[in-house]
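# Remarks on the overall topology
Now for the letters of each chain:
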Amino acid sequence: MTSEPKAGDRERACTETPIARSRLPTLIAAVLCAAALLFPAAGSAQKTRREASPPQSAPQPAPQSQRGTLNLTSSRGETVQLLQAAASIFVADPTIADFQAPSNKTIFVFGKKSGRTSLFALNDSGQALAEFQVVVTQPIEDLRALLKAQVGDHPIRVSYTPRGAILSGMAPNAETVDTAKSVTEQFLGAGSVVVNKIQVAGSLQVNLNVRVAEISRSAMKALGINLSAFGQSGNFSFGVLRGSGGGTGAGQGGGTVGLGFSAGNTNISAVLDALATERLVSVLAEPNLTAISGESASFLAGGEFPIPVSQGNQQVTVEFRRFGVSLEFVPTVLSNNLINVRVKPEVSELSAQGAVTIGGISVPALSTRRADTVVELGSGQSFAIGGLIRRNFSTNISAFPWLGDLPVLGVLFRSSSFQKEETELIIIVTPYIVRPATGPNALSAPTDRVAPPSDSGRALANTLAKPPKGRRAPATGVPGATGDAGFIIE
């Protein structure tokens, strides 16, 4: 078996051919040597290329495949012309965009809602004829034109987000800001989120004064007869006992009258308990708070009290509940100096009525007055946002069965009590458009006329406080700044 000569041997054979030979054999030898050098190399390269080519994968893009991006707005579409006939067309997310195909080369793509998706068109071999990225947004130009028509030509900018829009820029007042936000929410539809970053030029500040005034009156009258009559005959004793034994009226601040009779083994005693009480309670809270138009503010003057909470496994944790005078409000200055106020005042205090005992710990109840509403009024005007007039009474009669129903004598076997309560409550709000004071001396504080007394004044003149040195008295006519110390009036 013969072996194929190597390339080096062929080269040496070619180069060692004697020059003395004839021209024809020399030319033939040169052609053969060139062929031997070229054809093996080409075959080796072809073999290398076949080995290096990877195995064929998923369907490849068809020749002249189309790619790009379709920018659409909701409820509007665009026509796409394919270069080749499509066998199948599909959209990755039909809720964002969809299509209609009048023919196998024409696709009408339309947007449904804001978002991104993809559109594909394939031929019979599964090759991609077209691949488009579809971006759907809201018609921003229409929204800009609507805002300009509704709120005026103000520098308000709109930019879309996947779930809504962002408003930014500048507006002359808070009413314009609210109108722009409402128009945008209605334009985008339900479920959209509108972020309001519009700034109000020269924002106004609003001071809110809230007055919570309550008067509670109660009266109670109680009259009872405690009768005790016992007798004995031989080894037998008998008698009648009715009431609590007497003395309860005197123990509660009322009066007690006793009467007794004794004859041998017979003892009769009667105790008359009478009680009459009256109660008057007055509550007045006036919280004040200042905030920029459109911003929320809160205020609390009070404290927190602990409440034990059982957690199981005989373990008890402590939670705290707020009480006192609190105020939350959001003012919005509208046109013509009208103020829209969302206000939530609350006055609460600890009360023994309704208190409970948990694990030997007494937890007090809360007596609360609260209102939550929205009103609209001018600067300096007042509005009663809440009120209550409550009258209730109760009458209790306790009697000895049958004996208490006897005429005339039945009074000795009955007791009665009567209680009446009346409550009047009103909550008044007054907003003011305010501006900063020119200096600290223009404002008055409760401590402006209070200083510790001297030793001689405290010992000889029974002085509680004196005017401080180096501080002028508050200006006359300042609301509430009357009296020697703070705002208290004797």
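Residues numbered from 1 in each chain as written. Predicted model: local features only at pLDDT ≥ 70, side-chain atom pairs only at ≥ 80, totals over all residues. Heavy atoms only, no water.

Moving on: the overall build of the chain. Counting secondary structure elements, the chain contains six helices and 22 strands. Within the span of the chain, comprising 490 residues, buried residues form 26% of the whole. Taking as baseline every contact in the chain between residues at least 6 positions apart, the subset at least 24 positions apart corresponds to 61%. (Helix = DSSP H or I, 4+ residues; strand = E, 2+ residues; numbered from the N terminus. Buried < 20%, exposed > 50% of the residue type's maximum accessible area, 1.4 Å probe, protein only. Contact = heavy atoms within 4.5 Å.)

On to helix α3 (residues 140-151). The terminal C-alpha atoms of α3, which comprises 12 residues, lie 16 Å apart, in line with the 16 Å expected from a rise of 1.5 Å per residue. Inspection of α3 places Leu143, Leu147 and Val151 among the buried residues, and these make up the whole buried set. The buried residues of α3 occupy one face: seen down the axis, they fall within an arc of 40°. Facing away from the buried side of α3, by more than 90 degrees, are the exposed residues Glu141 and Ala149. Immediately downstream of α3, the backbone of Gly152 shows phi near 100°, a positive value. (Expected span 1.5 Å × (residues − 1). Arc of directions from axis to C-beta.)

Attention now goes to the pairing of strand β8 (residues 156-161). Side chains Ile156, Val158 and Tyr160 project from β8 onto a buried face, and the interleaved Arg157, Ser159 and Thr161 project onto a face without burial. The sheet contact formed by β8 and strand β9 (residues 164-171) spans six bridges and is antiparallel. Within β9, the residue paired with Arg157 across the bridge is Ser168. Hairpin geometry of β8 and β9 is characterised by an intervening segment of two residues between the two adjacent antiparallel strands. (Pairing = 2+ DSSP bridges.)

Helix length check: helix α4 (residues 174-188), at 15 residues, gives a terminal C-alpha distance of 21 Å against a target of 21 Å (1.5 Å per residue), a fit within 8%. Residues Ala174, Thr176, Val177, Ala180, Val183, Thr184 and Leu188 constitute the buried set of α4. Buried residues belonging to α4 abut α3, β8, β9, β10 (193-200) and β17 (315-333). Phi for Gly189, located one or two positions after α4, is positive at around 100°.

On to the sheet that holds β9. Taken together, three strands build an open sheet; the order of strands is β8-β9-β10 and the sheet is mixed. Where the open sheet ends on each side, the last strands, each with one partner, are β8 and β10. Strand-to-strand twist of the sheet, defined as the mean angle between neighbouring strand axes without regard to direction, takes the value 10°. Where α4 meets the sheet, its contacts fall on β8, β9 and β10, and the angle it forms with β10 comes to roughly 160°. (Axes fitted to C-alpha atoms, helices over the stretch in contact; angles between N-to-C directions.)

The next point concerns the nonpolar core. One recurring pattern in soluble globular proteins: nonpolar side chains tend to sit buried together. Counting 25 residues, the largest nonpolar core has Leu208, Val210, Phe329 and Val343 as the members making the most contacts within it. For this core, the secondary-structure elements that each account for two or more residues are β11 (205-233), β14 (266-285), β15 (288-292), β17, β18 (338-358), β20 (373-378) and β22 (414-434). Apart from residues no more than four positions distant in its own chain, Phe329 is found in contact with Val206, Leu208, Leu289, Thr290, Ala291, Glu295, Ser296, Ala297, Val341, Arg342 and Val343. Judged by nonpolar contacts, the second largest core, of 18 residues, contains Leu70, Ala86, Ala97 and Ala121. (Core = buried A, V, L, I, M, F, W, Y, C linked by side-chain atoms within 4.5 Å.)

Within the open sheet, the three strands sit side by side as β2-β5-β4. Their pairing is antiparallel. Either end of the sheet is taken by a strand with one partner, and the two such strands are β2 (77-81) and β4 (97-103). Along the sheet, successive strands turn relative to each other by an average axial angle of 25°, direction set aside. Here five bridges tie β4 to strand β5 (residues 106-111), and the two strands are oriented antiparallel to one another. Within the sheet, the bridge partner assigned to Gln100 lies in β5 and is Phe108.

With that out of the way, let us pick up the layout of surface pockets. By volume, the second largest pocket amounts to about 700 Å³. Lining the second largest pocket are 31 residues, and of these Ser216, Arg279, Gln353, Ser367 and Arg390 lie nearest its centre. Of all the elements in the fold, those that place two or more residues in the lining of the second largest pocket are β11, β14, β18, β19 (361-370), β21 (383-399) and β22. Here the lining of the second largest pocket is built from residues that sort into 11 nonpolar, 11 polar and nine charged. (1 Å grid on protein atoms, 1.4 Å probe; cavity = no way out; pocket = protein on both sides within 12 Å on 5 of 7 lines; lining within 4 Å. Points joined across faces, edges and corners; volume = space filled by probe spheres on them. Nonpolar A, V, L, I, M, F, W, Y, C, P; charged D, E, K, R; others polar.)

Now for the pattern of salt bridges. Per the stated rule, a full pass over the model turns up 11 salt bridges. A salt bridge links Arg67 to Glu131; its shortest N-O distance comes to 3.1 Å. Of this pair, Arg67 sits in strand β1 (residues 66-73) while Glu131 sits in strand β7 (residues 128-137), placing them 64 residues apart in sequence. Here Arg67 falls in the exposed class, since its relative accessible area comes to 56%. A salt bridge links Glu349 to Arg369; the nearest nitrogen and oxygen atoms lie 3.2 Å apart. Taken together, the residues Glu349 in strand β18 and Arg369 in strand β19 connect sequence positions 20 residues apart. Of the residues examined, Glu349 reaches a relative accessible area of 33% and is grouped as partly exposed. If you follow the salt bridges from partner to partner, you end up with Arg217, Arg391, Lys420, Glu422 and Glu424 in one network. (Salt bridge = Lys/Arg side-chain N within 4 Å of Asp/Glu carboxyl O.)

Quick look at the side chain of Thr332 now. Mapped onto the elements of the fold, Thr332 is located in strand β17. Of the residues examined, Thr332 reaches a relative accessible area of 11% and is grouped as buried. Those residues within four positions of Thr332 in sequence are excluded, and the remaining contacts are Ala174, Asp178, Ser293, Gly294, Leu338, Ile339 and Asn340.

For the rest of this paragraph, the subject is the environment of Pro452. When you line up the elements, Pro452 lands in the loop between β22 and α6 (455-460). Of the residues examined, Pro452 reaches a relative accessible area of 67% and is grouped as exposed. Distance in space between the C-alpha atoms of Pro452 and Thr463 is 9.2 Å, their sequence separation being 11 residues.

Inspection of the entire model under this criterion finds four aromatic pairs. For the ring pair Phe90 and Phe120, a centre distance of 5.2 Å and an interplane angle of 25° mean the geometry is stacked. Remark: Phe120 occurs in strand β6 (residues 115-122) and Phe90 occurs in strand β3 (residues 88-91); sequence separation between them is 30 residues. Residue Phe90 is classed as partly exposed on the basis of its relative accessible area, which comes to 38%. (Phe/Tyr/Trp six-rings, centres within 6.5 Å; stacked < 30°, edge-to-face > 60°.)

Moving on, we get to the confidence of the model for the chain. Of all residues in the chain, 72% have pLDDT values of 70 or greater, and the mean over the chain is 74. Of the regions scoring below 50 in pLDDT, residues 36-59 engages in seven contacts with residues more than four places distant in sequence or in other chains. Long-range and interchain partners of residues 473-490, a stretch whose pLDDT sits below 50, account for 22 contacts in this model, where long-range means more than four residues apart. (pLDDT = per-residue confidence, 0-100.)

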